[in-house]
Amino acid sequence: MSERIYQGMAGIGDLVEGEALVAFDNFSARYDLDRIKGTFSRPDHKLFGESYVGKILILNIAKGGVATAWMLREMVDRDMGPKALILNAANPIMAQGAAFANLPLIDRFDVDITSVIKSGERVAVDPAKASLKVL
Amino acid sequence: MKLSDHEQAMLAGAEGPARQYALEQIQRVGTFFGAQDCVEVSQVHLMADPESLGEAGVVFLESLSDLPKEQNRVRVPTVTDPRGVDFEAYKRLKQTDQMAELERRAIAAFEALGVMMTDTCINYQTILPPVKGEHLAFGDTGSSIYANSVFGARTNFEGGPSALAAALSGRTPRYGFHLDEHRRGTKLFEATCRPKGLSDWGAMGAIIGKAMESYWEVPVITGIDGAPTSDEIKQFGAALASFGSTPLFHMVGVTPEAPDLKSVFDSSPPKVVEIRENDVAALVKSYTPDDDMLHVVAFAAPQLSLVEMRTLSDLLEGRKLHEKVALLAATSPEIKSACDRMGITAHIEDAGGIVLSGVCFYQMYAREIGEANGWKRLMSNSAKLVNILGGYGYEPMLASMEQCVESAVQGRITGAGI
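For every chain, the first residue of its written sequence is number 1, and the numbers climb from 1 along that sequence. Here every chain gets a letter starting at A, and every ligand a number starting at 1, in the order they are written. Per-residue local features of the predicted model are confined to residues with pLDDT of at least 70, and side-chain atom pairs are confined, for both listing and counting, to 80 or more; whole-chain, interface and lining totals are unaffected and use all residues.

**Notes on the sheet that holds strand 12 (residues 354–357) of chain B**
Residues and elements named next belong to chain B. This is how it is decided: For two strands to be treated as a pair, DSSP must find no fewer than two bridges joining them. Helix numbers and strand numbers start at the N terminus; a helix is a DSSP run of H or I with at least 4 residues, a strand a run of E with at least 2. Inter-axis angles, ranging from 0 to 180 degrees, are taken between N-to-C directions of lines fitted to C-alpha atoms, where helices are fitted over the stretch in contact. Throughout, a pair of residues is in contact if the C-beta atoms placed from their backbones lie within 7 Å.
Pairing is parallel in the open sheet, where 5 strands are placed in the order 12-11-10-13-14. Of all strands in the sheet, those with a lone pairing partner are strand 12 and strand 14 (395–398), marking the two edges. Going across the sheet, the axis of each strand differs from the next one's by a mean of 25°, ignoring polarity. Pairing of strand 13 (residues 377–380) with strand 14 involves 4 bridges; the strand directions are parallel. If you follow Ser380 over to strand 14, its bridge partner there is Leu398. In the packing of helix 17 (residues 401–410) onto the sheet, contacts are made with strand 10 (296–304), strand 11 (326–331) and strand 13, and the angle to strand 10 comes to roughly 150°.

What follows is the structure in C-alpha cells.
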C-alpha cells in the first residue's frame, strides 16, 4: 500500500505523533469541551462524550468565539490538551491559540482531511512541512 | 513576513521580553496566514476572562507585569472585554474565592501593563466607537463583527494572546479583514420578513451563521427595509459571529460598505437564499424544551445597553420574580453606573433580579455556577448565549425579553406552547 501523506497549506508548532480522533464537525474549546474532564460536552457534537486528551484532533473548521486562543495553553499546561489540532480550515483564533500554546496545528489540506483519516489511526504531524502522515 | 527595522528590533528582544513575545506571536500567526507585513492599529479590545486564562494564562500575564515599565506598557489604547467575577455579586452566585483570587491577580497584571479595565463587550456602544477604515485589534466576536460591519472598521478576531501582542507592539499582521479582497461578499441572503424583536434578530443572525463554511465567508443580506436599531444589529451580528465564527457581514442599504449589491460582489451575486418568518420561528423552536421547568433567566451576551436595561426595568415594574427562579442582567460598568443613577438598578433588584457589572454570563464559570446553584434550564433573549451554553451543561431556551420576564415571574416557562 502506498504511503498516505496529506499536504496542508500551513502549520504551527513542532512535529508530533499520536492517535487520531476524527469527526466531520467543528471546533471551539469554549463551546464544545468540558475542559476539566477532557471530553466533548456539547450534546450535538459528533464527538460528544469522547476524550480528546493526548489525541491528534482532526475536525472540519473552527467555530465559536475567541476563548480558544487562551484555552489551548491552559489545557496543555494541565496535561489535558489534545496533542495536535488538524482542521480543514482554521480561523485566526486557532492559529493564535496554537502559537501561544506551542500546540501543533495544520490546516487547508488538498482533501477533506476528516474523510481520509479514521479515528484510532496513528499519524505523524509535521507543521514545518504542513503535512500529515499515516503511520 | 517583511518586518520594519523597529519590528526586527522588538523581535530580537531589544525592547525587552514583552515586546519580543508580541513580535513572535505576530510573526507566527502572520506567517500561518501569509501576511506580507504588519499594520498599525489604533485601539485594542482584549478578552481575557479568568476561566479562559486559567492559572497558566495568569502566570504568563504576571511574568509581563513584573517587567520594568518602559518594557511592558501598552502602546495603543487597550480596553478589556467582560471579566469573570463581579466582586459585588460573586458570593451570591456561589462563585468561589479561588475564582475571585485568580481574577484579582489577572486584573493587577493588566493594570500594571496600562490596560484600561472597561470590562465590556459593548465598547463600540459605550467607550470609543470605531471609524470607517480604522485598523483595530478587537478581541470579542461581537465587538469585531460590529466594528467591521456597522462601522466599516477593519479587524480580525484577535484572541487574547494576539490582542495583547497588538497592545504591546501597536501592530498586528496584515491579513484577512484588514485587506480589501477579504471584505467582498461570498454568500447572499434575502430577509423576506423583518425580525420583530431582539431575540428574532439574533435568530436570523444564527440562521446565517450556521450557513457559514469558514471564517473567510462574508454574508450579504438584502431585504432589510430601514435601519435596525443599535441593539437589534448588535444581537444580529453577535449571533452571526457566534454561530458562524465570521467577523463581517454586509446589509445592503444599511452598512457602510454595501450601498448596493454591486458594491460588495465582484461579479454576478451568488444564488440568493431566502430567510422567511417560519425559518426564524423554527430556529427559536429548536431550543424549546418539552416541559416548562425553569431555573434561571439570563440577559447577557452581549451585555445590555442602557436602553435594554431600561426596557427590562419597565417590564419588571410592579412585578416580583418567583422565588425559585433567578434573573440576571449583565451590563458594563459605565452602563451600570448610569443605571444606578437613574434608578434602573434598584427597580430590577427590587423585583428580585440581580444586576451584574463588568461580566458576562458565559464568561463567568458558567458550568460551575450552574452546578453550584442547580441551574440547568435557562431562558435568554440572546441567541449567542443560547448557542454557547449547551456545551456548559445547560438546557438553554431562546425567547423574547417579555416572555423571559413573564416566565421568571410565573416560575415556569410560559408562552411557548408547552
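Having seen the structure, we can now continue with the description.
**A look at the nonpolar core**
Soluble globular proteins: nonpolar side chains tend toward being buried together. The following threshold applies: A set of buried Ala, Val, Leu, Ile, Met, Phe, Trp, Tyr and Cys residues, joined to one another through C-beta atoms within 7 Å, is what we call a nonpolar core. Burial in this document is a count-based property: other C-beta atoms within 10 Å of a residue's C-beta are tallied, and the residue is buried at 20 or more, exposed at 12 or fewer, or partly exposed in between, with C-beta positions derived from the backbone.
Ranked by size, the top nonpolar core spans 180 residues in total, and within it Ile86(A) and Phe361(B) carry the most contacts. When residues no more than four places from it in sequence are discounted, the contact partners of Phe361(B) are Ala298(B), Ala300(B), Ala301(B), Leu328(B), Ala330(B), Ala366(B) and Leu385(B).

**So, the domain arrangement of chain B**
All names here are of chain B. Spelled out, the test is: Segmentation into domains, and thus their bounds, comes from an automatic or database assignment.
By domain assignment, chain B separates into domain 1 (5–175), domain 2 (184–284) and domain 3 (289–410). One C-alpha centre belongs to domain 1, the other to domain 2; they are set 28 Å apart. With 14 residues of domain 1 at the interface, the matching set in domain 2 holds 15 residues.

**Quick word on the pairing of strand 10 of chain B**
On any regular strand, side chains alternate: one points to one face of the sheet, the next to the other face. Residues and elements named next belong to chain B. Among the 9 residues that make up strand 10, 9 are buried, leaving the element largely enclosed by the rest of the structure. Of the pairings in the sheet, the one linking strand 10 to strand 11 comprises 5 bridges and is parallel in character. Bridged to Ala298 within strand 11 is Leu328. Pairing of strand 10 with strand 13, which is carried by 2 bridges, proceeds in the parallel orientation. The residue of strand 13 that forms the bridge with Val296 is Leu378.

**A few points about the packing of helix 12 (residues 306–315) of chain B against helix 17 of chain B**
Each pair of packed helices can be summarised by the angle the axes make with each other and by the distance between the axes. All names here are of chain B. Quick reminder of the rule: Throughout this description, any angle smaller than 35 degrees is read as roughly parallel, any larger than 145 degrees as roughly antiparallel, any in the 65 to 115 degree range as roughly perpendicular, and the remainder as oblique. In a left-handed crossing the near helix is turned counterclockwise from the far helix by less than a right angle, and in a right-handed crossing that turn is clockwise. In this classification, the charged set is Asp, Glu, Lys and Arg, the nonpolar set is Ala, Val, Leu, Ile, Met, Phe, Trp, Tyr, Cys and Pro, and all remaining amino acids, among them Gly, are polar.
Their axes nearest at 10 Å, the elements helix 12 and helix 17 cross at an angle of 40°. On the basis of the axis angle, helix 12 is oblique to helix 17. Every pair of crossing elements has a handedness; the one defined by helix 12 and helix 17 is right-handed. Mapping the contact onto sequence places Thr311, Leu312 and Leu315 in helix 12 and Met401, Glu402 and Val405 in helix 17. Residue composition of the contact of helix 12 with helix 17, by class: 4 nonpolar, 1 polar and 1 charged.

**Here we look at the confidence of the model for chain B**
Spelled out, the test is: The predictor attaches a confidence to each residue, and that confidence, scored 0 to 100, is pLDDT.
Here chain B averages 97 in pLDDT, while 100% of its residues score no lower than 70. Scored by ipTM, the complex comes to 0.97, with pTM at 0.97.

**Some details on unusual backbone geometry**
Here the residue pair Ala301(B) and Pro302(B) is connected by a cis peptide bond, since its omega of 0° sits within 30 degrees of zero. Its location among the elements puts Pro302(B) in strand 10. A positive phi angle, near 55°, is found at Ala130(A), a position not held by glycine. As for its position among the elements, Ala130(A) is in the loop between strand 9 (122–126) and strand 10 (131–134). Phi is positive for Asp119(B), which is not a glycine, with a value near 55°. Position of Asp119(B) relative to the elements: it lies in the loop between helix 5 (97–113) and helix 6 (123–126).

**Description of helix 3 (residues 50–65) of chain B**
How we decide: One less than the residue count of a helix, multiplied by 1.5 Å, gives the span that helix is expected to have. Here the bend at a residue is taken as the angle between two axes, fitted respectively to the seven residues that end there and the seven that start there.
With 16 residues, helix 3 of chain B should reach 22 Å at 1.5 Å per residue; the first-to-last C-alpha distance of 16 Å falls well below that figure. Roughly 70° is the biggest bend found in helix 3 of chain B, and it falls at Ala56(B). If you check which residues of helix 3 of chain B are buried, you get Pro50(B), Glu51(B), Ser52(B), Leu53(B), Gly57(B), Val58(B), Phe60(B), Leu61(B) and Leu64(B). Looking at the buried residues of helix 3 of chain B, the elements they touch are helix 2 (68–77) of chain A together with helix 2 (17–32), helix 4 (69–72), helix 5 and helix 8 (160–169) of chain B.

**Things to note about helix 10 (residues 230–244) of chain B**
Residue and element names in this part refer to chain B. Over its 15 residues, helix 10 runs 20 Å from end to end, which matches the ideal 21 Å to within 8%, given 1.5 Å per residue. Residues Ile233, Lys234, Gln235, Phe236, Gly237, Ala238, Ala239, Leu240, Ala241, Ser242, Phe243 and Gly244 constitute the buried set of helix 10. Looking at the buried side of helix 10, the elements it contacts are helix 7 (141–149), helix 9 (198–210), strand 10 and helix 16 (383–389). Immediately beyond the C-terminal end of helix 10, within one or two residues, lies Ser245, with a positive phi of roughly 55°.

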